[in-house]
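Residue strings, one per chain:
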Amino acid sequence: MTDNEKIMIAGCAAGAAAATVPAVYGFMKATARQPICDKDFLRAEDGGFISECGAPTVLRGINLNDDLFWYKKDGLDESSKTADVFAALEERFGRYGTRQLAQKYNEGFITASDIKKIAKLGANCVRIPLRYKFLFSKENCKGDIDFDRLDYIIEKCRKAGLYVILDLHSAPGFQNTDSACGKNEESVLFSSSKEGFEARNATVRLWTQIAAHYKDEPAVAAYDLLNRPLNRIARWEESLDMLHKFYRRLLKAIRNVDEKHIIIFEAAGAPHTLPSPEKFKGENIAYGIYSHCNTTFEIQALVNGIKKFKESGIPFVICKLRAEENLASSLEAMNDNGISWLAGDYKGSGLKSAFLYGGSVPEADLTFDSYDVIGEKWSKPLATKNFELNKEMSTVLKNAFKYGAISIVKPEGKPKFRAKMGSRLIYGK
């Protein structure tokens, strides 16, 4: 790869000049972060992401997770599913009370201070998980979503210069039976049964509301329609055609209320499970994947699989990259190939290598603790100051986030370097 091929322009350029700058890669230190505004609205184009002002952008960030940790109850442990914990609380406190407890948990788990930490680390994007039961007071996604908490976090991200990917982590009917999504019964979202039909209708209602609410929000980079579809589902190949048809239906429903935002179709495992790019040219979509990269072979295989799709003109996002043993080499490979990625996760239970911050707090006893006691345990004690920083992961991420960017517009103040690219001056701090 030549030096010229390594340069990615990630600042907003003036006029049509920016449109002529190639969307390739970068290795220089990022310019100072600015709040996201209308000129930063992203779209999918030519296998990458382009802002409204014509600046190519590669997304590099981290996942914010919202799994319900730190509890105890007979029959449940930390391998249980978030929906099971929600159901246990619902038995005692009802749907409304349980949603309020989840709200307290989220408010303690991710704060404005956390958003600043992520931006300071050098990320330009976060991915926020959404769970239908946390959003709606009624089953089947009926009624209106309470957007207050989500609006608050997105506003903090916008001011910090962070894009947001909204990720449907748990859909009605459950798109998988993974511990972060479903519950201890069969997924029905892709079933031809009445339950499957109702679940798909409910999911359409959910995304239509979200898209209508955020249609003019530039800090929202994309809608990630379904996290890890068909994961851990027996005979999942039989539901692949249903998944592709459902993506098309969701795309149409969202476009009825929002013509601007990027829509992400996630793979059911490997890239080859995605729908044909030929059907979606010019549709402002991206492809996504959840990936564990444990060996050099797996990293290269993933890069090769993604390249074939990028060449078709549709960009790719690794929605969550888990690489406990070789995170640095995995991210280096993605950066070298201009692939957008989000590592995971920002925070979690224990000191797992996949968490930037890990630790433990007093458990909420779901059987005996009162509503107020559970609320107290799931509020201030969850603050990140009570957790331990994964220094090794922090260093790796900081170096990976630095892999771009430079700007062809002069920054405020004196730039630390100035160079020429063709007839244009480029600047950086």
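This is a predicted model, so every value here is computed, not measured.

Draft legend 1. Representation of the confidence of the model for the chain. Chain-level pLDDT for the chain is 84 on average; 85% of the residues reach the 70-or-more range. This stretch, residues 1–31, has a pLDDT under 50; its non-local contacts, to residues over four places away or in other chains, come to 84 contacts. pLDDT under 50 marks residues 417–429. Its contacts with residues more than four places away, or in other chains, come to 42 contacts.

Draft legend 2. Just unusual backbone geometry, in detail. Across the junction of glycine 344 and aspartate 345, the peptide omega takes the value 0 degrees, indicating a cis bond. In this fold, aspartate 345 is placed in the loop between strand E12 (340–343) and strand E13 (347–349). In this structure, arginine 228 is a non-glycine residue whose phi angle is positive, near 45 degrees. Relative to the elements of secondary structure, arginine 228 occurs in the loop between strand E8 (220–224) and helix H6 (240–255).

Draft legend 3. Representation of the pairing of strand E11 (residues 316–322) in the model. Counting buried residues along E11, 7 of its 7 residues qualify, which places the element largely inside the surrounding structure. Here 6 bridges tie strand E10 (residues 285–292) to E11, and the two strands are oriented parallel to one another. Directly across from tyrosine 287, in E11, lies its bridge partner phenylalanine 316. A crossover connection joins E10 to the parallel E11 through helix H7 (residues 296–310); in handedness this β-α-β unit is right-handed. The pairing of E11 with E12 spans 3 bridges and is parallel. By the bridge assignment, valine 317 is partnered in E12 with serine 340. As a crossover connection, the stretch from E11 through helix H8 (residues 327–336) into E12 is right-handed.

Draft legend 4. How the structure looks around the nonpolar core. Formed by 128 residues in total, the largest nonpolar core has its most connected members in Leu166, Ile210, Tyr223 and Trp378. Counting residues per element, this core draws most heavily on helix H1 (residues 82–109), at 9 residues. If we ignore the near neighbours within four places in the chain, the residues touching tyrosine 223 are Leu166, Trp207, Ile210, Ala211, Tyr214, Lys215, Ile254, Asp258, His261, Ile262, Ile263 and Ile264.

Rules behind the numbers
Position numbers for residues count from 1 along each chain, tracking the sequence in the order it is written. For this predicted model, a pLDDT threshold of at least 70 governs which residues receive local features, and a threshold of 80 or more governs which side-chain atom pairs are given and counted, while totals over whole chains, interfaces and linings are taken from all residues. Calculation of side-chain values draws on the structure's entire complement of heavy atoms; hydrogens and water are dropped beforehand. Every residue is assigned a pLDDT by the predictor, reflecting its confidence on a scale from 0 to 100. Two residues qualify as a contact provided that any one of their heavy atoms is within 4.5 Å of a heavy atom in the partner residue. Secondary structure is summarised from DSSP: a helix means a run of H or I of at least four residues, a strand means a run of E of at least two, and numbering begins at the N terminus for each. Exposure classes here rest on a 1.4 Å probe applied to the protein chains alone. A residue is buried below 20% of its type maximum, exposed above 50%, and partly exposed in between. Note: two strands are recorded as paired if DSSP finds a minimum of 2 bridges between them. Looking down the strands as they point away from you, a crossover is right-handed if its path from the first strand over the helix to the second goes clockwise. For the purposes of this section, nonpolar cores are sets of buried Ala, Val, Leu, Ile, Met, Phe, Trp, Tyr and Cys residues that join through side-chain atoms within 4.5 Å.

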